[in-house]
Amino acid sequence: MGLSSVLLYKGYTLWQGLLLTASLLTCWHLSTTAKVTIESVPSPVIEGENVLFSAKNLPENLLAFAWYKRVKSMRFGIGLFSLTSNLSATGPGYSGRETLYRNGSLWLTNVTTKDKGFYTLRTINRSGKVVSTTRMFLRVYSSLFTCGRPHPSALPTIELVPPNFPEGENVLLLAHNLPTNLKALFWYKGVTALRKFEIARHIRAPDLSVQGPAHSGREALFRNGSLMFYNVLWKDNGFYTLRILTTDLKTEIAHVQLQIDTTLSTCCRDLTSAQVTIESKPRYVAEGGSVLLLVHNLPEDLQAFFWYKSVYRTDIFKIVEYSSAIKSTIWGLAHSQRELVYTNGSLLLQNVTNEDAGLYMLETLNRDSKIEKAFVQLHVKKPVTQPFVRLSDTTVTVQSSVVLTCFSADPGISTHWILNKKSLQLTERMKLSKTKCQLTIDPVRREDAGEYKCEVSNPVSSKMSLPVRLTVRKK
């Protein structure tokens, strides 16, 4: 049957021999045949990927089959395939990205989140009767779901390695999430990027490192942006700043606080003259939560104190000023109506948002007009979203290999694997990727079969994926 015999029928291009079928496609109350199944490969799908709706166990002696987007309307028909003529016709639901195959499968390219939803496959026999109606739901995840590469929204961060250390220890200020178009980076002692506080800088081209005025002789700058401190001393306590310059001349800033752990120290120190310090309680706060910036060692002869949402002492960043002499509180331009201030200098921030993250400065003034500054970094985290697990193959044979990938849309997470509702016990045959989001089993054994899940977490929340089942068969 040639293309010259194609007719237009209610938005579909249908062959004359299939007009009876077209009328049957409007009936949606026929029984569903359990034998026909549809499998999404891959499953789930990340936007931008291609997906195959693989049809299994099609009935024999079919005349045609049709694919629909959604469940109950002919208006969303994607296409019709004639098995007698080996030709296909498109419908109103066709987007130009679909291909129908003779085996009943549907190929969809460059998937978007708008493609999420139900898809229906209907088969028609040579008597013009609907033999089966099979539906499946396509889950499409945002392209933010990643594994093994930096999250698109991840900002540069600095990790202390080890996180707790005594005086005299070596400490690495490990930089994460540096941009790929890095031009230069600079390390500073303190919270401001001024030349006199510069410890060292590294220029990517011509791969050159230069020491700055604040270099003590105990720091080493690495090409990956990390800074090594040798033989840390008490005077090294405080904040450090990493400034990053990209090839398009954009600047990013990251801070880290270096604090020697007094519980690990072998000597005793006089803490009566300790400087003013601020502790964030909790250290990490979820969006919508509350955080207390708790002040320690406030001067006994305090005359006044000032809070700033910045490292700079300007009116536009001032949150509040408090006079202990007359017990008066004056709110500044940076007051958001969500702060409470206490006479001990502490500041409570309620209903925290992501915009509240960053450095805060407390400035104290004593009766001798001596000014002292202290800083604290507020870390705000969003609760994690649910991850999902993808198998390289759901059914494998003994002695083969399989890869399980945990996809998450959240930056700065930890990943944990679960097998049959118990924490996965790693064996010599199992290998985790650097970020633990990918698990490789090689070679596979029968005991590896079962239900796998992954759990992702950050300091304020955790979420578990839906389970996926791995079937292991004999060779």
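Residues numbered from 1 in each chain as written. Predicted model: local features only at pLDDT ≥ 70, side-chain atom pairs only at ≥ 80, totals over all residues. Heavy atoms only, no water.

**Q** Teacher, can you tell me more about the state of the cysteines here?
**A** Here a disulfide denotes one covalent bond, and it connects the sulfur atoms of two cysteines. Inspection of the entire model under this criterion finds two disulfides. Here Cys147 is linked by a disulfide to Cys437, with a sulfur-sulfur distance of 2.0 Å. Its S-S torsion of approximately 80° makes the covalent link between Cys147 and Cys437 right-handed. With Cys147 in the loop between β13 (140-141) and β14 (157-161) and Cys437 in the loop between β38 (430-432) and β39 (438-441), this pair connects stretches of sequence that are 290 residues apart. Across the pair, exposure class does not vary: Cys147 and Cys437 are buried alike. Each sulfur in the disulfide pair Cys406 and Cys454 lies 2.0 Å from the other. Its S-S torsion of approximately 65° makes the covalent link between Cys406 and Cys454 right-handed. Within this pair, whereas Cys406 is found in strand β35 (residues 402-407), its partner Cys454 is found in strand β40 (residues 450-458), the two being separated by 48 residues in sequence. Residue class for Cys454 comes out buried when judged on its relative accessible area of 0%. Here the protein chain pairs its bonded cysteines, counted in sequence order, in the arrangement 1-3, 2-4. (Disulfide = S-S within 2.5 Å. Helix = DSSP H or I, 4+ residues; strand = E, 2+ residues; numbered from the N terminus. Buried < 20%, exposed > 50% of the residue type's maximum accessible area, 1.4 Å probe, protein only.)

**Q** Would you mind showing me how to read the pattern of salt bridges here?
**A** Two side chains bearing opposite charge may form a pair once their charged atoms approach each other closely. Summed over all chains, the structure comprises 12 salt bridges. Note that Asp236 is salt-bridged to Arg218, the shortest N-O span being 2.8 Å. Separated by 18 residues along the polypeptide, Asp236 in the loop between β20 (227-229) and β21 (238-246) and Arg218 in the loop between β18 (208-211) and β19 (219-221) bring together distant segments of the chain. Residue classification places Asp236 among the buried residues on the basis of a relative accessible area of 5%. Among the ionic pairs, Glu279 bridges to Lys281, the shortest N-O distance being 3.7 Å. Assessed through its relative accessible area of 33%, Glu279 is described here as partly exposed. Exposure remark for Lys281: the relative accessible area of 41% places this residue in the partly exposed category. Put simply, Arg195, Glu198 and Arg201 are held in one network by salt bridges that share partners. (Salt bridge = Lys/Arg side-chain N within 4 Å of Asp/Glu carboxyl O.)

**Q** Hey, could you run me through the pairing of strand β12 (residues 130-138) in this one?
**A** Note on strand geometry: in a regular strand, side chains alternate between the two faces of the sheet. Pairing of strand β11 (residues 117-125) with β12, which is carried by eight bridges, proceeds in the antiparallel orientation. Residue Thr123 lies in a different strand from β12, and its bridge partner there is Ser132. Taken together, β11 and the strand that follows it, β12, pair antiparallel across an intervening segment of four residues, in which Gly128 is found at a positive phi of about 80°. (Pairing = 2+ DSSP bridges.)

**Q** Just to check I follow, could you spell out the packing of aromatic side chains for this structure?
**A** The relative placement of two aromatic rings is captured by the distance of their centres and the angle of their planes. Inspection of the entire model under this criterion finds 10 aromatic pairs. On the basis of an interplanar angle of 75° and a centroid distance of 5.0 Å, the ring pair of Phe118 and Phe137 is categorised as edge-to-face. On the criterion of sequence distance, the pair formed by Phe118 in strand β11 and Phe137 in strand β12 is long-range, its members being 19 residues apart. Judged by its relative accessible area of 41%, Phe118 is partly exposed. (Phe/Tyr/Trp six-rings, centres within 6.5 Å; stacked < 30°, edge-to-face > 60°.)

**Q** Mind showing me how you'd approach the sheet that holds strand β22 (residues 251-258) here?
**A** Whenever strands of a sheet pair, they do so through backbone hydrogen bonds, lying parallel or antiparallel. Taken in spatial order, the five strands make up an open sheet running β18-β17-β16-β21-β22, and their pairing is antiparallel. A strand with exactly one partner marks an edge of an open sheet, and here the two such strands are β18 and β22. Averaged over neighbouring strand pairs, the angle between their axes works out to 15° when direction is ignored. Pairing analysis gives four bridges linking strand β17 (residues 198-203) to β18, with the strands arranged antiparallel. Each bridged residue has a counterpart across the sheet, and for Arg201 the counterpart in β18 is Val210. (Axes fitted to C-alpha atoms, helices over the stretch in contact; angles between N-to-C directions.)

**Q** Explain the nonpolar core to me, please; I cannot follow it from the model alone.
**A** As a rule of thumb, soluble globular proteins bury nonpolar side chains together. Membership of the largest hydrophobic core comes to 23 residues, with the highest contact counts inside it found for Leu173, Trp187 and Tyr240. For this core, the elements supplying multiple residues, two or more each, are β14, β15 (171-176), β16 (182-189), β17, β20, β21 and β22. Excluding anything up to four places from it in sequence, Leu173 contacts Ile158, Glu159, Leu160, Trp187, Ser226, Leu227, Phe229, Tyr240, Val256 and Leu258. Within the second largest apolar cluster, 22 residues are counted, among which are Phe305, Trp307, Val320 and Val352. (Core = buried A, V, L, I, M, F, W, Y, C linked by side-chain atoms within 4.5 Å. Contact = heavy atoms within 4.5 Å.)

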